[in-house]
Structures are given as C-alpha cells and as structure tokens.
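# Descriptive analysis of the structure
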Amino acid sequence: MAELKERLSTFHGGLVLKHHKELSARSEVVQLERPDSLTISLRVNRGHVSEPVVAVGDQVNKFQVIAQPIHPFGAVVHAPYSGTIRAIEERPTASPDAESAPCIILDTDDEDEQIDYLPPLTEINRPNLIKRIQDAGILGMGGAGFPTHVKYDHQTRDLDHLLIINGAECEPYITCDERLMLDEPEALVKGTALLMQAADAHRAVIAIEDNLGGVKSLLDETIETLGLAHIEVVKVPTIYPTGGEKQLIKVLTGLEVPSGQTPLSLGIIMQNVATTKAVFDAVEHNRPLTERLVTVTGDLVGRPGNYLTPVGNSFYQLLAAADCPMSDIDKLVVGGPMMGYPMPNPDIGVDKTTNCLLLLTEDSTKPDLTTLPCIRCGDCVKACPQDLLPQQLFWYIQGNDLEESRNHHVFDCIECGACSWVCPSHIDLVSYYRYAKSELTYLDYKKAKAQLAKQRHENREQRLEEIKAERQAKRRAKAERLKDKSKAKKEISAVLDRIKSKQSDGDKSE
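Note that the structure is predicted; figures quoted are calculated from it, not measured.

Reading the values: the criteria
- Residues numbered from 1 in each chain as written.
- Predicted model: local features only at pLDDT ≥ 70, side-chain atom pairs only at ≥ 80, totals over all residues.
- Heavy atoms only, no water.
- Phe/Tyr/Trp six-rings, centres within 6.5 Å; stacked < 30°, edge-to-face > 60°.
- Helix = DSSP H or I, 4+ residues; strand = E, 2+ residues; numbered from the N terminus.
- Buried < 20%, exposed > 50% of the residue type's maximum accessible area, 1.4 Å probe, protein only.
- Polar contact = N/O pair within 3.5 Å; in protein donor to acceptor, adjacent residues only side chain to side chain.
- Contact = heavy atoms within 4.5 Å.
- Core = buried A, V, L, I, M, F, W, Y, C linked by side-chain atoms within 4.5 Å.
- Domains from an automatic or database assignment.
- Buried area = accessible area lost by both parts, 1.4 Å probe.
- Salt bridge = Lys/Arg side-chain N within 4 Å of Asp/Glu carboxyl O.
- Nonpolar A, V, L, I, M, F, W, Y, C, P; charged D, E, K, R; others polar.

Let us now look at the packing of aromatic side chains. Tallied over the full model, the rule gives 3 aromatic pairs. Pairing F73 with F146 gives two aromatic rings, centres 5.1 Å apart and planes at 55°, and the pair type is tilted. Of this pair, F73 sits in the loop between β6 (65–69) and β7 (77–78) while F146 is found in the loop between α2 (126–135) and α3 (148–153), placing the two residues 73 residues apart along the sequence. The exposure class assigned to F73 is partly exposed, which follows from its relative accessible area of 30%. You can call F146 partly exposed: its relative accessible area is 25%. Taken together, a centroid distance of 4.9 Å and an interplanar angle of 90° make the contact between F394 and Y432 edge-to-face. You can see F394 sitting in helix α11 (residues 390–398) and its partner Y432 sitting in helix α14 (residues 429–509), a full 38 residues away along the chain. By relative accessible area, which is 27% here, Y432 ends up partly exposed. Grouped by ring-pair contacts, the aromatic residues F394, W395 and Y432 constitute a single cluster.

Moving on: the side chain of T175. Mapped onto the secondary structure, T175 falls in the loop between β10 (161–167) and α4 (176–183). For T175, a relative accessible area of 0% corresponds to the buried category. Polar side-chain contacts of T175 include one of 2.7 Å to the side chain of S24. Sequence-distant contacts of T175, that is, excluding residues within four places in its chain, are made with K21, S24, A25, E169, T295 and N306.

For the rest of this paragraph, the subject is the nonpolar core. Within the largest apolar cluster, 46 residues are counted, with the highest numbers of intra-cluster contacts made by I138, Y152, L163, M181, I208 and L219. A domain split of this core shows at least three residues from each of domain 1 (22–306) and domain 2 (307–365). Those residues within four positions of L219 in sequence are excluded, and the remaining contacts are M181, P185, L188, V189, I206, I208 and V233. L32, V301, L319 and V334 belong to the second-largest nonpolar core, a separate cluster that totals 20 residues.

Moving on to the domain arrangement of the chain. Each assigned domain of the chain is listed with its residue range as follows: domain 1 (22–306), domain 2 (307–365) and domain 3 (369–510). Placing a centre on the C-alpha atoms of domain 1 and another on those of domain 2 gives a separation of 19 Å. The interface of domain 1 with domain 2 comprises 47 residues on the first partner and 39 residues on the second. Among the residues of domain 1 in contact with domain 2, L32, A94 and R292 are the three that bury the most area, contributing 18% of the side total. The tally of links from domain 1 across to domain 2 stands at 0 salt bridges. Our count for the contact surface shared by domain 1 and domain 2 stands at 21 residue pairs in polar contact (both at pLDDT 80 or more). Of all the secondary-structure elements, those providing two or more residues to the side of domain 1 that touches domain 2 are β1 (30–31), β2 (37–41), β14 (291–298) and β15 (305–310). Among the elements that take part in the side of domain 1 that touches domain 2, β14 stands out by supplying 8 residues, more than any other. Class assignment of the residues belonging to the side of domain 1 that touches domain 2 gives a composition of 26 nonpolar, 16 polar and 5 charged.

A cis amide bond, omega 0°, links Y240 with the succeeding residue P241. Residue position: P241 is located in the loop between β12 (231–236) and α7 (245–253). Phi angles above zero are rare outside glycine, and A98 is one such case at about 50°. Position of A98 among the secondary structure elements: in the loop between β8 (83–92) and β9 (100–108). One non-glycine residue with positive phi stands out, namely D387, at about 60°.

Our next topic: the pattern of salt bridges. Taken as a whole and judged by the stated rule, the model has 19 salt bridges. Note that K246 is salt-bridged to D412, the shortest N-O span being 3.9 Å. Within this pair, whereas K246 is found in helix α7, its partner D412 is found in the loop between α12 (402–407) and α13 (418–422), the two being separated by 166 residues in sequence. Salt-bridge contacts for K250 lead to E256; the nearest nitrogen and oxygen are separated by 3.3 Å. Among the residues examined, K250 registers a relative accessible area of 17% and is labelled buried. Among the ionic contacts, a cluster of salt bridges with common partners joins K277, D281 and R287.

Spelled out as structure tokens, the structure:
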C-alpha cells in the first residue's frame, strides 16, 4: 500500500506565484437565482459525448435524466431545473478553444417539479456506492472531468488503497475549493468516508495548502467530532503545481506514478474536494450533480467571490451577478492564469468542470512579446514539475519529429505552463506540446483504423479462402460420390452381365 511519508517529499521544479486569492476567498457564497434558460453541454472528459434521451419540445422535471453516456468514459446528464427542451444543437462549450459540442437548450420554469430519480440507498456498501456515483453523473470537478465511478470500478484489487482528497488549490485566483472546505467541512469529511468505503481504503488524507490554517483546524475538529480517525488533514507547500495529481502524490508519499500509468498502479485514488462533496450529496440527499461552485474574480470585478450556479448557466449570468464591467474586459479565462483558456464570449454555459471565471484587463494581461529563438538556457528544464526536457521536446516538435517527442514522454506533460512562464525567449512551449499530443493522438487513431482495415481485409481474404476451400472440398466430395456411384453402377452392371451370361450358358446346356 502507498503510505504517507513522515516528512513530506518534494517534486522537481515548480514555481512560487502570487496568489491573488484574497479577492474572492473572504466573501460568502452567493447562490444564483434560476436562469431563464440553460445551455447544457453533453461532452465530458476530452470529447466523450452523451446521447440525448429527450427531444425538442419535451417537458422535463428537475433532476430528470436528459442524456445517457454512449462511451464507458461518458457521464449521465440531468436537468438542473424543470422546463422545456427548446433545442438540441452544436454550441461553443467551456472547453479549450471553446470547441463546439452537442448541447441541450433548456428553457426553465418555476414549477420546479422534482422527480425521485435517485431513491434513498437501502444499504450503503461498495457496489451500491459506485452505482450511485455513476447514476448521479459525478465526474472529476477539478478540471479533468474523468468519470468518478471508473476509478473505483477498475481498481487493482490486490492492493490496499490510499485515498487522497485534493484540496491543494495551487493555481492563483481560484478559491472555490477553499470556500467549500470552510463552509461544508462536515459534508466533505462524510463524503471522504463514503469514498473510502467505495475504494476499500483503510486510510485517507485531505491535502490542503500550508497557508490555510483555518481550514485545517476546522477539518480536524470535524474529523474528531465524527470519530473518523482514519482521515488525516495534511498541509503541503504552496508551490505551483503541488495540486497536480502526480506532484501531490510525490509530496505525500515520495512515490512517482510510472509514465503512461495512473495512480491506481500505486494503489492510490485521488479526488477533488468538490467531487467529494458531490458524492456526499448523491448519497445523503439523493441529488445528482447539477450545480457547482464557481470562482468569479479579477481586478475590476465589483463583487469577486464564489457563486453556486446550475450547470448550463451562461457565463454572462455569473459576470452580471458579480458586477463585472463587461466593456473593460480584455480577456475572459476559464480556470486560472496558468492552465486556463480564453473564451470568445460570455454566452457559453458553465459545465461540471468549470471552476473559475477570471476576468483580465489589458493592464493585467501578459503583453504580447516577440518570440525569440531558443537559447538553450535550461530554465524550462529547471521549472518542469514532471522532470522532462522541455527544450528538447520543443526542438523535436519544431522539426516535425513527433515520434521522437513521444519517446521523450511528451504525453507526461501536464500542461501546467511553468516552462512557458520562465522562458526568456517568450516561447509558448505548452502550445507546441498540446499540438504534438493532438497530432500523435490523431496519427495513432489513423494507424489504429488502418490496422483495423488491414485486419478486416485479411479476415475477409481468409474467409474467402475458407469458402473457396470449402466449395472445392464439396466439389471433390461430390465428384468422389459420383465416381463411387459410377463405379458401383459399373460393378452392378458387371454382376448383372455375369448373371445373364451364366443364365445363357445354362439355357444352352439344356
């Protein structure tokens, strides 16, 4: 089993950044009113799209299932409110490059009729918990969007498991997890206990940044009150990106997740605090995942803070609630300044992984600087938390030698942006790595299709050969039968001739 080290370990590289969290962390959570319409994306986890089970014009109830996954890594989608399905169409989504995906447009109403889609669990055990997590449409709310139930349904059963609840919100500006831990400590701790049962784990740790002393004391008190001694709160260094999955595992256990593998290979399961709270809601309140906490912040935001919003609510509604001066916005970013991605307009809907809307003015955005040639200074190598060779990857990708970038573990890049941040030549290194991973994935897809086509062709040729051989065998068998039949006829004819000859000889003798 992966055990916690008595003394915390460290990972290679990383950055110390300004936090800018005081803008939103201090204010209380604001629950938004019901919007008139919702744009609910059906795509999760890097492209896996769920299939609508409703049609345009249908009336739906609150928490009703409106889409079912068609891929093992898809997720169930529920209606946050009752209303009418106005459209099912392609719309820009809260994903990198605002990529279009199928969306359900729901016009809400005030009837708010709720259906009992998630009945109370009669028995809380591992299989029932995993099934409840799946039925509730819960996925990783820290950004990856990986369906939560898959981690527990496909774990290595020969290992004891360590559960890590990731509250290390290391990227600047984002405070939704911190606010959740402050406001819902009991829900978080009870959710952790439920996930321990689902993971068959005997120990869990809630990891928080070392500057959140108030959060630690609150969680420690809750754990003691509930008598859950197997849950521990550990403070980790506030170094970016400590909240990254592999980096946090290294800090807590000293172990490194092998290249190309998941934490399950070490007997470790990690969940974000918001995901943990969603599991608690699904089990204790029979509520599917239809809302989330979103940080809205930026230098000119009138009311920076954390807003509880239904999935599908437009960015514009959140920005309006936060008194954002729309005319002064230079860039609207989903996520933080390091790993976030800009949005073209505020009409896009919040999805289950949207944790922050960051509004940047022209004065606060990094100016567009001229990209200079790489000088091989090695600063990117020093900063890389994955201990890669960013400059070497850059050279391979720039030279279109993508396979060599694969050999140098480009897929291990977590796209944290540390290399780009420190590059004195202002090279957007992360964009090269994203390009390489995208191209290699596409080439692998084409190769797999070609292999499949080749295999199908070979299978077809084999089937034709088998059919041909079978037909030839049938013809030979038929020829043999005809030959045998002809031979039998000849033999019978010969016998008859001999009999006739004997009869004729007998007649002559008489």
